[in-house]
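Each chain is listed here by its residues.
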Amino acid sequence: MLNEQTVSRENEPGQPSMGPTLKPVQPSTQGKPVNTNEDAGHELSIRVRDLNLWYGANQALKNVNIDVYQHNVTALIGPSGCGKSTFLRCLNRMNDLIRSVKIEGLVEMDGRDVNDPRMDEIALRRRVGMVFQKPNPFPKSIYENIAYAPRMHDLVSRKAEQDELVEQALRDAGLWNEVKDKLAEPGTSLSGGQQQRLCIARAIAVKPDVILMDEPTSALDPISTATIEDLMDKLKQQFTIVTVTHNMQQAARVADYTAFFHLGELIEYNDTRMMFSNPHTKKAEDYITGRYG
Amino acid sequence: MSQSFDEITAQLKRRHRKTARLKWLSMGALALAATFLVVFISDMLVKGLPAFQQAQIQVEVTYSEQSQQMPPAAVNEDVRRLVSRGFLRTLPMRMRDNPDLMGTTRMEWVLADSAVDQYLKGHHTRLKDDQKSIVDDLLAKGQVELKFNTRFFTAGDSKMPELAGIASAAMGTVMTLIVTMLVCFPIGVMTAVYLEEFATDNWLTQVIEININNLAAVPSILFGLLGLAIYINFFGVPRSTPLVGGLTLALMTLPVIIIATRTALRSVPDTIRQAAFGVGCSRWQVVRDHVLPLSFPGILTGSIIGLAQAMGETAPLIIIGMVAFIPDVSASFSDAATVMPAQIFTWAGEPDRAFTEKTAGGILVLLVVLISLNATAVWMRKKFERRW
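Treat the numbers as computed from the prediction; the structure is a model and nothing was measured.

Conventions and cut-offs
- Residue numbers here run from 1 along each chain, matching the order of that chain's written sequence.
- Just so you know, chain letters begin at A and ligand numbers begin at 1, following the order they were written in.
- Per-residue local features of the predicted model are confined to residues with pLDDT of at least 70, and side-chain atom pairs are confined, for both listing and counting, to 80 or more; whole-chain, interface and lining totals are unaffected and use all residues.
- As a rule here, side-chain values cover all heavy atoms of the structure and leave hydrogens and water aside.
- A run of H or I in DSSP becomes a helix once it reaches four residues, and a run of E becomes a strand once it reaches two; helices and strands are each numbered from the N terminus.
- Throughout, exposure labels follow a simple rule: accessible area from a 1.4 Å probe, protein chains only, divided by the maximum for the residue type, with under 20% read as buried, over 50% as exposed, and the rest as partly exposed.
- Note on contacts: a residue pair qualifies if any of its non-hydrogen atoms lie within 4.5 Å across the two residues.
- When we talk radius of gyration, it's over C-alpha atoms, and the globule rule is simply 2.2 Å times the number of residues to the 0.38.
- To be clear on the numbers: accessible area is Shrake-Rupley with a 1.4 Å probe, and residue cover counts the displayed protein chains and nothing else.
- His is not counted, nor are the chain ends, whereas Lys and Arg count as positive and Asp and Glu as negative.
- Charged side chains are reduced to one point each, which is NZ for Lys, CZ for Arg, CG for Asp and CD for Glu.
- Patch building starts from residues that exceed 30% relative accessible area and form no salt bridge, then joins like charges within 9 Å and nonpolar side chains (Val, Leu, Ile, Met, Phe, Trp, Tyr) within 5 Å.
- Note on definitions: salt bridges are taken to be side-chain nitrogens of Lys or Arg within 4 Å of carboxyl oxygens of Asp or Glu.
- Residues adjacent in sequence count toward polar contacts only when both atoms are side-chain atoms; beyond that, a polar contact is any pair of N or O atoms within 3.5 Å, and within protein one must be able to donate a hydrogen and the other to accept it.
- The quantity called pLDDT is the predictor's confidence in a given residue, expressed from 0 to 100.
- Strand pairing requires that DSSP identify at least two bridges connecting the strands.
- Buried surface area refers to the total accessible area, computed with a probe of radius 1.4 Å, that the two partners give up upon joining, counted for both partners together.
- Under this grouping Gly is polar, as are all residues other than the nonpolar Ala, Val, Leu, Ile, Met, Phe, Trp, Tyr, Cys and Pro and the charged Asp, Glu, Lys and Arg.

**A closer look at the overall build of chain A**
Move 1: Along its length, chain A carries 11 helices and 10 strands.
Move 2: Per-residue burial over chain A gives 56% buried out of 293 residues.
Move 3: Intrachain contacts of chain A at a sequence separation of at least 6 include 70% that bridge at least 24 residues.

**Topic: the overall build of chain B**
Move 1: When helices and strands are tallied, chain B shows 16 helices and 3 strands.
Move 2: For 388 residues, the compact-globule estimate of 2.2 N^0.38 gives 21 Å, and the C-alpha radius of gyration of chain B, at 29 Å, exceeds that figure by more than 25%.
Move 3: In terms of principal-axis extent, the alpha carbons of chain B reach across some 100 × 70 × 35 Å.
Move 4: Across the 388 residues of chain B, 44% fall into the buried class.
Move 5: Partitioning the contacts of chain B with sequence separation of at least 6, the portion at a separation of at least 24 is 77%.
Move 6: As presented, chain B carries roughly 20500 Å² of accessible surface, and 63% of it is formed by carbon and sulfur atoms.
Move 7: Of note, chain B has its 36 positive side-chain charges centred 10 Å away from the centre of its 32 negative side-chain charges.

**Some words on a nonpolar patch on the surface**
Residue and element names in this part refer to chain B.
Move 1: A contiguous nonpolar surface patch, about 430 Å² in accessible area, is contributed by Leu37, Phe40, Ile41, Leu45 and Leu49.
Move 2: In this fold, Leu45 is placed in helix 1 (residues 5–48).
Move 3: You can call Leu45 partly exposed: its relative accessible area is 35%.

**Thoughts on the pattern of salt bridges**
Residues and elements named next belong to chain B.
Move 1: For the structure shown, the criterion picks out 30 salt bridges over all chains.
Move 2: One salt bridge connects Glu357 with Lys121, and the closest N-O pair in it is separated by 2.7 Å. Taken together, the residues Glu357 in helix 16 (residues 354–384) and Lys121 in the loop between helix 5 (114–120) and helix 6 (129–140) connect sequence positions 236 residues apart.
Move 3: Taken together, the salt bridges that share partners define one network made up of Glu196, Glu209, Arg262 and Arg266.

**Comments concerning the side chain of Ser84 of chain B**
Residue and element names in this part refer to chain B.
Move 1: The topology assignment puts Ser84 in the loop between helix 3 (77–80) and helix 4 (85–97).
Move 2: Within polar-contact distance, the side chain of Ser84 engages the side chain of Glu162 at 2.7 Å.
Move 3: Discounting residues that sit within four places of it in the chain, Ser84 has contacts with Leu111, Ala112, Asp113, Glu162 and Leu163.

**A closer look at the confidence of the model for chain B**
Move 1: Per-residue confidence for chain B gives a mean pLDDT of 90; residues scoring 70 or more make up 99%.
Move 2: In the predicted assembly, ipTM is 0.83 and pTM is 0.81.

**Things to note about the pairing of strand 1 (residues 44–55) of chain A**
Consecutive side chains of a regular strand alternate in pointing toward one face of the sheet and then the other.
Residue and element names in this part refer to chain A.
Move 1: Burial of strand 1 is extensive: 9 of the 12 residues sit out of reach of the surface.
Move 2: Relative to strand 2 (residues 58–69), strand 1 runs antiparallel, the two sharing 8 bridges. Each bridged residue has a counterpart across the sheet, and for Arg47 the counterpart in strand 2 is Asp67.
Move 3: Counted between consecutive antiparallel strands, the loop separating strand 1 from strand 2 contains 2 residues, among which Gly56 sits at a positive phi close to 60°.
Move 4: Two elements, strand 1 and strand 4 (residues 101–109), share 8 bridges in a ladder whose sense is antiparallel. Looking at the pairing, Arg47 lines up with Glu108 of strand 4.

**Observations concerning the interface of chain A and chain B**
Move 1: Counting residues at the interface gives 21 residues for chain A, matched by 24 residues for chain B.
Move 2: Carbon and sulfur atoms make up 61% of the area that chain A and chain B hide from each other, which totals about 1900 Å².
Move 3: When the buried area of chain A at its contact with chain B is split by residue, Arg99, Phe138 and Pro139 of chain A rank highest and sum to 29% of it.
Move 4: Our count for the chain A to chain B interface comes out at 0 salt bridges.
Move 5: Here chain A is connected to chain B by 6 residue pairs in polar contact (both at pLDDT 80 or more).
Move 6: Breaking the side of chain A that touches chain B down by element, the ones donating at least two residues are helix 3 (121–127), strand 6 (128–131) and helix 4 (142–152) of chain A.
Move 7: The class makeup of the residues in the side of chain A that touches chain B is 12 nonpolar, 4 polar and 5 charged.

Dropping the structure here:
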C-alpha cells in the first residue's frame, strides 16, 4: 500500500515522475514492504534522482535513486568503500569541501535542488544538520558548543532565550542532567558518548529538518551506543534522521528504512523489517547474512 | 632441529655491538656540540662580563673660572690623564646648569679613562709606568675601583670606550622590530590563511608556495639590496632609519611567519572544520571562530621566532645604512638609528682594545634578549594551548 501511495504523490501534477520511485528494489513488487511505523507521516523529505559522484576519475556513486521520509530513521548500510558516507555527505553538500569532487543528478529538498548554484550551502546546512563519526565538539565550553550556532544564525537575541535554547537542546539530547552543573567546562572534558550527545545537541540546537549521522556510534562503547540509539528513536519525532552504520544490528534496531549500498550503487532500499527478513536482492541477502562485508 | 638459544645469542652479539657503537657515536656527537656551546658561552661570559663593570676614580674636582675655560684644569695634573676625557668635557655644562658649584672643590667619584679600566682588568694598556704606579697607589687607598657600569645600558655609542653604551642600539632594535611586526604579522597571517583555507590547489598557488619556501632560504643580504632598491631608491624612505630597517626585515620575516602560520593552521584537526561547516558556518566564520583561535599559539610562536631571527640580522641592515654612529638614544621612526647586532659589528671593528669587551658585552645582551624572546614563545604556547 505504502508503495502506491508514494508513487501517486510523485505523480502529482507539476511533479513529473522520474523513473523508479520509492524503493528502487530490483525485483520490485513481490513481497510488499511492510512499514513498521504505520502512524508516522510519510511526507517526502529528500528526493534523490540519478545521483552520480566522481572523486577525480573514480566514480563513487552510480545512479542513486532514493526517497527519504520525514520523521523516520533511514539507515545506510554496506561494506567499506561502498559510498554510503559519500552519499550522506551529498545531502548537506559537505562534499563541496573536497576539491576534486564532481556531482551530477538531483538531490531535492522542499522542492529545491540542493546542488543548484543558487542554493546557498549555509542555508542548506541550517536545515540539514550533521553528526560525525568521531565526536568533535568545539574546544569551547559545553554551553558555547550549543549556543554558538544559534547565535550565529540569529535564532536567539536575548541571553535568556539563549539559555533556554541550550537547555532545550541538551534535554532533547538527553544530556541535560549530566552536564547542567558544569556548562562552563570544556566540551572535550566529557566522555566519548557524552561528547557525541553534545554533538547531537549542537546539531539540533539550530532546529534543522534533517539530521545526518555518519556512523555516530562507531567510536563508542556499547552502553553509549545504546543511549544514542534510544536517542535516535526519540529524535525522529522531531527530525528526519539519516544514519550511516557499519553495524547491521544497529540498522535493524533503529531504522525504519534501510538502504544497502555496494560499490557505489544502491542495491536495495527497503523497509527495514523486510530488508532483514526477506531481502529482495541476492547481494543484500549475502551481506546481511554475513557472507561478505 | 631449530637453533638453540645459545646459538642464536652468539649470532646476535655482532648486532648488539653495532647498536652500542651507534649509541656511543651519537652520544659523542652530542657531547661535541655541547662542548662547542659551553666554550662559546663561557668565552662570551669571560670576555663580556667585565664590560658590565667600569673603573671609577676618586679625584678632587675644582670648579673655577679656569676649569670653565679649560676643563682639564679642574683635576690635578697627576691624575688628569687617568680621568675620562668624556667627564672633563661635561664639566662646563655642569657648572652652567648648577652655578652653586662655582668656586668649590670637592672629592668626586668620576669615570676613569678606559686605559685605567683596562689596566685594572689586567689587560694590555696604554698607561705609562709612572701612571701605572699612580693607579696602584690610588688602588691601595681605595680611590680607584670597578663599579657597575650603568652607562653601558643608558648611553649611546661613543668613540671613547668608557662612554659607549648599547642603549641607542637597543632602542633602534625595538623600533625596527615594531615596524617589522606591524607589517609582516597581519600580511603573513592573512596570506597563510588564504593559502591554507581558501585557495584552490592549482599551478598558481603551487608557484606561490614554492616561492615562499624559497624566499625563506634567500641569503639575507639580498633582502638588504631589495630594501635599498625599492624602499630607499624608489619610494624614497629615509635611509638608516628604523622605518626602512623594519620594512626590510619584514620582507625577510614574512616567509617565516607564513610558513609557521600555515603549519599551525594545518595542525588544527579537520574534524573541527567539519563540525563548524556542519552547523552552517561560512568559511570566514570557520577561520575566525574556530581555526584561528586554535592555531593562535602556533602562529604566535612562529612569529616570535621569526622576530628573534630578524633581531639578530645584520647584513641587510648594513646595506641600508643602519650601521650609523648613533650617540643619542632617539625615539623617532624616521631618525637614523642602529640596531644591536650592527652595534656589535661596529664595536668589533674598533681599533681600541677596550672595545673588545664592549663587543662581547653587547653579544651577551643580545643573547639574553633572544633567549627571553624564545622563552616567551614557549611560555605563550603553553599558556594558550587548548586541547581537543
